[in-house]
Every structure is written in C-alpha cells, then in structure tokens.
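Next come the chains, spelled out residue by residue.
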There are 2 protein chains.
Amino acid sequence: MNIKDIARISGYSVGTVSRVLNSSSNVSQKAHDQVMGVVDKYHFEPNANARSLKRTDTHSIAVMVKGRYNPLFANILEKLHTYLDMRGEDVYVAYLDEDENEVQFALRYQKAHNPRGIVFLGGELEYFKQDFCQIVCPCVVITNSTQTLPFTNLSCVLTNDGQASSDIVDVLIQAHHSKIAVIGGNLSQGQISLRRLSGAIRRCAQAKIPFDMSLQYEPCHFSMREGYDALLRVLKRVPQTTAIFALGDVIAIGVMRALRDIGKSVPQDISLVGFDGIESSQFCIPRLTTVRQDTTRLAERGAAILLSMIEGTSRGSVCEIVDHTVLKGETVKNLSELDN
Amino acid sequence: MNIKDIARISGYSVGTVSRVLNSSSNVSQKAHDQVMGVVDKYHFEPNANARSLKRTDTHSIAVMVKGRYNPLFANILEKLHTYLDMRGEDVYVAYLDEDENEVQFALRYQKAHNPRGIVFLGGELEYFKQDFCQIVCPCVVITNSTQTLPFTNLSCVLTNDGQASSDIVDVLIQAHHSKIAVIGGNLSQGQISLRRLSGAIRRCAQAKIPFDMSLQYEPCHFSMREGYDALLRVLKRVPQTTAIFALGDVIAIGVMRALRDIGKSVPQDISLVGFDGIESSQFCIPRLTTVRQDTTRLAERGAAILLSMIEGTSRGSVCEIVDHTVLKGETVKNLSELDN
DNA sequence: CTGAAAGCGCTTACAG
DNA sequence: CTGAAAGCGCTTACAG
C-alpha cells in the first residue's frame, strides 16, 4: 500500500494525494475528503524514508544521551521527548557511553540522516572543539556550557553548577563542618565535575576552610557502585572527615551504603550532601540533602531554543541558566550544639 | 557529498561505488581501494533514507519500551542495544507510557519505516489480541508471555513470574510470616502483576495461609511515589500486617520510605520483599530482599531469538524462560526466636 | 485546484 | 568486473 494505490483508489493523482497528506492549501475540500476517506480506510502511513529523502525540511531531531544509566538524563529525556512529540517532531535517541565521543557520533548521524537539529544530553567540550565545526544543523547542549566555543549553531541550557555546589556546601558549612571530602567525576575531561568541585572549593575558601585536592578529592564515575568504592578510598586517606559532598546523587547513594557497611551512620557519624535531586534521593533512608536541577525547565528550554534556532527566529547561539533548589533532607548533622 | 560525487572523484560509476560500499563480491581490489580512498578522505556516509528506501532488507530494529521510568527496562534496553549494535543492526527506540497501546504504535511505525523486527519491552496482551495480526515482521516480547497467542511471528522471553513470586514469598513464610500484604500492579490489564500475585497467593495457600484479595492486595503503578501512597492505604485497612511483598523494587523503595515516615522500621516492625533486583535495591538501607531477573540473559536471548526469526533459521515462535535468583537482603525478620 | 514529470540518493538486475 | 538504466515512494515546481 503506497501513495500510488491511494491515488488509484481515490481517483486522484499522486500529486494531489501528496498535497492532501501534507495539508497543502491548494486542495479542494472534495479532494481532501475523498483522499482522506481512502487513507483512513486503509490506515495508510506514508513511507518515512521516501518522504525525508525528498523533503528539504526533515522533521527529525536526534538526541545524544551521554551515559546510559543516568537517571537525571532519563528524566530530562522523557520530558524533552514529550515536548518534541507535541511539536510534531520525530525523535531519534542514541545512547552513548560516558566516555564515548558524542560529536563524532553526531557527525556520522548527520551525514546519514540529515536531522533538523541535535540535542546533546551532556557533552565533552574537548570533543566539540575538535569536530563540531563539521556539524551544520542547529544544536543545543543540555547540562553543560558551550559559551566559550565560537559556534553560532550551538546553544546551551544548564544549571549554574558552581553556584549550586557552593550553595550545597554552604549547608555543610552552616552546620559547622570543616573537614569535607568531595567525591565523583573526572577532572581531566568533563567540565561539569570541575565546575562543581570549583564551586565547593570556592565556598570553602570564603569560609577559610582548607581543602587539599590530593587528599580530600576522590574521582569516580557517576554510579552507585563507583561511589561506594570511592568512599572507601577517601576515608582511608582522611579518616577524620566529618562531611562528604558527592557530585551526583547516584554517587551519594553508593556512599551512603558504603558508610553503613563500615559501621558509620549518616548523619550521626558523617554528614552527606549530593547533587541533582533525582527521585531516589528523596526516597532513600535517610532522605538525601541535595541540590535539585530543574529537569522540566532544562528540557523545555532546551527544546524551545533548538526549535527557534531551526525556525530561524533566534539570532545565533544562546546560553541559558536554569534555577536550582536546595532540598533539605536528613543527611546533615549540625556539629554545634549551640545552634540546636 | 553523495555517491555521485564519490563516483566522479574516484573515476568509477555510481554502481561500482555502491558495490564497494556494500562489500559486494563483484569488485576488483583496485576499484575497492580507489573508492574507499575517496570515501575515507571525505568521510562519506551514504544517505540512510535513500538506502533503506531501495533495500528490501532494512537493517533497522525497533524497540518499544513500555513505561518511561522503568529501571529494569532501562537495564535490559542497554544490553539489548549493545548486542544489536554488535550485530550491525540500527536500533530505533520508542518510549511509551505504561498505559499506551504499544501494538498500535508499532503498527504505525511498521508502515512508515518497515523495520526488520520489533522488540517489545513489556506488553499488554489485550492489545496484541486486537491488532497484532496486522504486524508482518518478526517480533519478540521481553518480560511477558505471549504463549497463548496464535501468531507465528511473535516470540517471547521472560522470567517465570509466578514461580519467582512464590520463591520470594517463601522467604517470608520460612520466616514465619502469615499476615502478608501485596502491593503493586493493576490486575484489570497487564498479566505480569496478575501472574506475580497469583504466585504469591498459591504459595500462601500451600502453607495454609489465608489471603483476602480485597483487604490484603493494593494496586499501584510501578513507581516509588505510588508505592509510598499504596503502603499507607493498605496499612490503614490491615494494620496487623507483618510483611509486605511489593511487586516491583521501585515500589518496595517507596514502601520502605513510607514505613519510615510513619515510624515503623524495616525489618523490626515490618518485613519487606521486592521483585526485579534492580541496582538501587542493593544499595538502599536496609538492603532489599528481592528476586533478581537476569537482565543480561533476557536481553541476549531476546536479541538472538529475534535475529534468528529474521534470518529464518528458527521455526516459528518460541517462548523462553530465563532463570531468576533470590537475593537475600536485610529486610526480612524471622518471627520465630527458635530459628535464631 | 489538478495532473504529468522530474528528481531526492541510493541499489540491483541486466548487458557486456 | 563494470557501466547504464530502472525504480524504491515520495514531494514539488511547472503547466494548465
């Protein structure tokens, strides 16, 4: 069943059928009704390959998701998907490993499929510097800043990671913690971890709290398992630690479990704060004190910016910051009795 | 840059370039080297739309994921993706809501994209009965049984939900629990919840433990939030409950948090078991006693069965069961002091 | 408003 | 082994 069959059955030419299907204005009501009758009767769907082969304006948007198990991205992705569906876009999702080169993947995808636009959930700036110049369609990075890059077809939406980290570390400092360890991420690549760590260090410095990177910082991937192991490593180095800042909630959950397994309780023995505000962080025991990224807004703005770039209504690239919120949970103990 | 450009630059015809690209046997080594030189130099990627428009054998496989936030499916999907990628298949993933009609969606997708095969992660048998007859390509359902359906192009891979439920409820019974509540799912549709509940009831009956559906069973969607609320409802009805079987781990995590919020501790006051064995279940505090579905195997077998159906090497549809494992956590208390 | 025709970028029998 | 040509199922100027 193809457009020719519909043409034959409805008594019109393929051109007219195509016009009806694409709701062109140059069709009579009669032709429209006649054709749609046949289309509905046979549940006809035009072949997407042929359609996008011909069309100059495809309606497909690709989303590159960096990290397969990231609940924050899963959450943003779902909302993004819903939003783009509503706007009539076809969405293609590609999942990449945390370390894979998303720009090269996008490049290959662009050549094979010629999408209207690309969304990157997470992004490694180094890769963008190397290869993004070859990407011609509008793109938006969600959760990382591309402001320092010179590309006019590249925008970004993100949380102010530095400020948010500073805010959550502030919760620890207000509770009189001064022996703070930071766990998670990878500073050699991936600016997000670096920005979060810097925010934490900056806040410490303001409070005149010393922070020795080589002792008090421990990198790891964003997973419970790795958070678990990293906690053990860092506590071996600095057993006097009274509080931990995990750069992601999944890491924090692993940390919490590790502390329990070595007989330390949260927050009585050690306080803990996370980052992201994923659902699990508010259901675990104790409830995690963390900073919530506004996934709804990140998704909405990401989609809106991309579509406006595609439609040419926005002038060049933008970089938008979305507000964050500190969620007070049950994982921070106030060390000063006076405050209680 | 298209195949014509490559032909012009390499000095061969488009036919030959196409043959090189598709590694046909009828090409000289010289032509191959010449053409590939140009292809590599310009990083040429053939247009996927044109290619699959022409090809009778597409290399795309569609995956319908039922429920956007399901960590079990996320886990299976990741492995499935990896496996299919290795086999050179293009994978398209569609996320549907828990209640959406996946068969109608697949039908539309089939007409527009003509995939080689379709994987359903989760599936509502009612929808299959209504519309699956219109689907012509090989399909496999993962985590639900389609054995009772008469379609030769439909296979399935699943855990024996009834047996697994019986096994996990057995853990409660061995610990001398007899006042058990079951939480989760929706019996009016979705056979999985029903099979799990039935397994639980069967095991109770064997042990001569009464089970009153209208009192001791409480439905809810598979989410922490809904598990949380469902626990409150069921405990209001049967406050004497000593143990809870949550039909999914995410529900169990919500239940655990709700119990904490009403001042009950797990397992001292109430014991709890789950189903699925997702990562969080082994990091939460206390660690959840649950039954683990073998996601690696479900993904591997699902992919293998689908591919063998596509290649015509398997005869008709199959229904495979994958083994499960009981994970002993810290959420079940033995009520009899004698056993300790 | 409608039809006939060209063409999107490929693949694949068909000759040679 | 290679080239010329037909055709996959659509869309869209071009006439009328």
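Since we're looking at a predicted model, the values are computed, not measured. (Residues numbered from 1 in each chain as written. Chains lettered and ligands numbered in written order. Predicted model: local features only at pLDDT ≥ 70, side-chain atom pairs only at ≥ 80, totals over all residues. Heavy atoms only, no water.)

**With respect to the interface of chain B and chain A**
To be explicit about the condition: Note on definitions: a residue-residue contact is assigned when non-hydrogen atoms from the two residues lie within 4.5 Å. A simple way to read buried area is as the amount of 1.4 Å-probe accessible surface that goes missing from two parts once joined, with both sides added. Here a salt bridge means any side-chain nitrogen of Lys or Arg lying within 4 Å of a carboxyl oxygen belonging to Asp or Glu. Polar contacts, as used here, are pairs of N or O atoms within 3.5 Å; protein pairs need one atom able to donate a hydrogen and one able to accept it. Residues neighboring in sequence count only if both atoms are side-chain atoms. Helix and strand assignments come from DSSP, with helices taken as H or I runs of at least 4 residues and strands as E runs of at least 2, each series counted from the N terminus.
Between chain B and chain A, the residue contacts involve 42 residues of the former and 42 residues of the latter. Counting the surface lost from both chain B and chain A, the interface buries some 4100 Å², and carbon and sulfur atoms represent 54% of this. For the pair chain B and chain A, the number of links is 4 salt bridges. Linking Glu330 of chain A and Arg257 of chain B is a salt bridge whose minimum nitrogen-to-oxygen distance equals 2.9 Å. Linking chain B with chain A are 9 residue pairs in polar contact (both at pLDDT 80 or more), by the criterion used here. Contributing elements (two or more residues each) for the side of chain B that touches chain A: α4 (48–54), α5 (71–86), β2 (90–96), α6 (102–113), α11 (224–237) and α12 (249–261) of chain B.

**So, unusual backbone geometry**
Formally: Working definition: with a 1.4 Å probe on protein chains only, accessible area under 20% of the residue-type maximum means buried, over 50% means exposed, and in between means partly exposed.
Residue Val266 of chain A is joined to Pro267 of chain A through a cis peptide bond whose omega torsion reads 5°. Relative to the helices and strands, Pro267 of chain A is located in the loop between α12 (249–261) and β9 (271–273). One non-glycine residue, Asn114 of chain A, lies in the positive phi region at around 50°. With respect to the helices, strands and loops of the structure, Asn114 of chain A is situated in the loop between α6 (102–113) and β3 (117–121). Asn114 of chain A gets classed as partly exposed once you look at its relative accessible area, which sits at 41%. With phi around 80°, Thr143 of chain B is a residue other than glycine that occupies positive phi space. Structurally, Thr143 of chain B is set in the loop between β4 (139–142) and β5 (154–159).

**Side note on the protein's contact with DNA strand C**
Definition in use: A cutoff of 4 Å decides nearness: a residue is near a molecule or strand if any of its heavy atoms lies inside that distance of it. Residue polarity is assigned by list, with Asp, Glu, Lys and Arg as charged and Ala, Val, Leu, Ile, Met, Phe, Trp, Tyr, Cys and Pro as nonpolar; anything else, Gly included, falls into the polar class.
Of all residues adjacent to DNA strand C, which total 25 residues, the nearest are Thr16, Arg19 and Lys54 of chain A together with Ile3 and Ser18 of chain B. Contact between DNA strand C and Ser28 of chain A: a phosphate oxygen at 2.8 Å from a side-chain N or O atom of the residue. Here a phosphate oxygen of DNA strand C sits 2.8 Å away from a polar atom, N or O, in the side chain of Arg51 of chain B. Mapped onto the surface near DNA strand C, the elements with two or more residues apiece are α2 (14–21) and α4 (48–54) of chain A together with α2 (14–21) and α4 of chain B. Per element, the largest residue contribution to the surface near DNA strand C is 4 residues, and it comes from α4 of chain B. Among the residues making up the surface near DNA strand C, the classes are represented as 9 nonpolar, 10 polar and 6 charged.

**With respect to the sheet that holds β9 of chain A**
For sheets, the rule is that strands pair by backbone hydrogen bonds, running either parallel or antiparallel. Residue and element names in this part refer to chain A. The criterion, for reference: Any two strands are treated as partners once DSSP identifies two or more bridges connecting them.
Overall, parallel pairing links the 4 strands, which are arranged β7-β6-β8-β9 in an open sheet. Each edge of the sheet is formed by a strand with only one pairing partner; in this case those strands are β7 (217–218) and β9. The pairing of strand β8 (residues 243–246) with β9 spans 3 bridges and is classified as parallel. Paired with Ala243 across the strands is Ser271, a residue of β9.

**Digging into the protein's contact with DNA strand D**
Taken together, 25 residues sit near DNA strand D, with Ile3, Ser18 and Arg51 of chain A together with Arg19 and Lys54 of chain B positioned nearest. Among the atoms of DNA strand D lying within 4 Å of the protein, the sugar-phosphate backbone contributes 63%. A distance of 3.0 Å is found between a phosphate oxygen of DNA strand D and a side-chain nitrogen or oxygen belonging to Asn22 of chain A. Contact between DNA strand D and Ser28 of chain B: a phosphate oxygen at 2.9 Å from a side-chain N or O atom of the residue. Elements represented by at least two residues in the surface near DNA strand D include exactly α2 and α4 of chain A together with α2 and α4 of chain B. Examining the composition of the surface near DNA strand D, we find that 4 residues originate from one element, α4 of chain A, more than from any other. A class-by-class count of the residues in the surface near DNA strand D yields 9 nonpolar, 10 polar and 6 charged.

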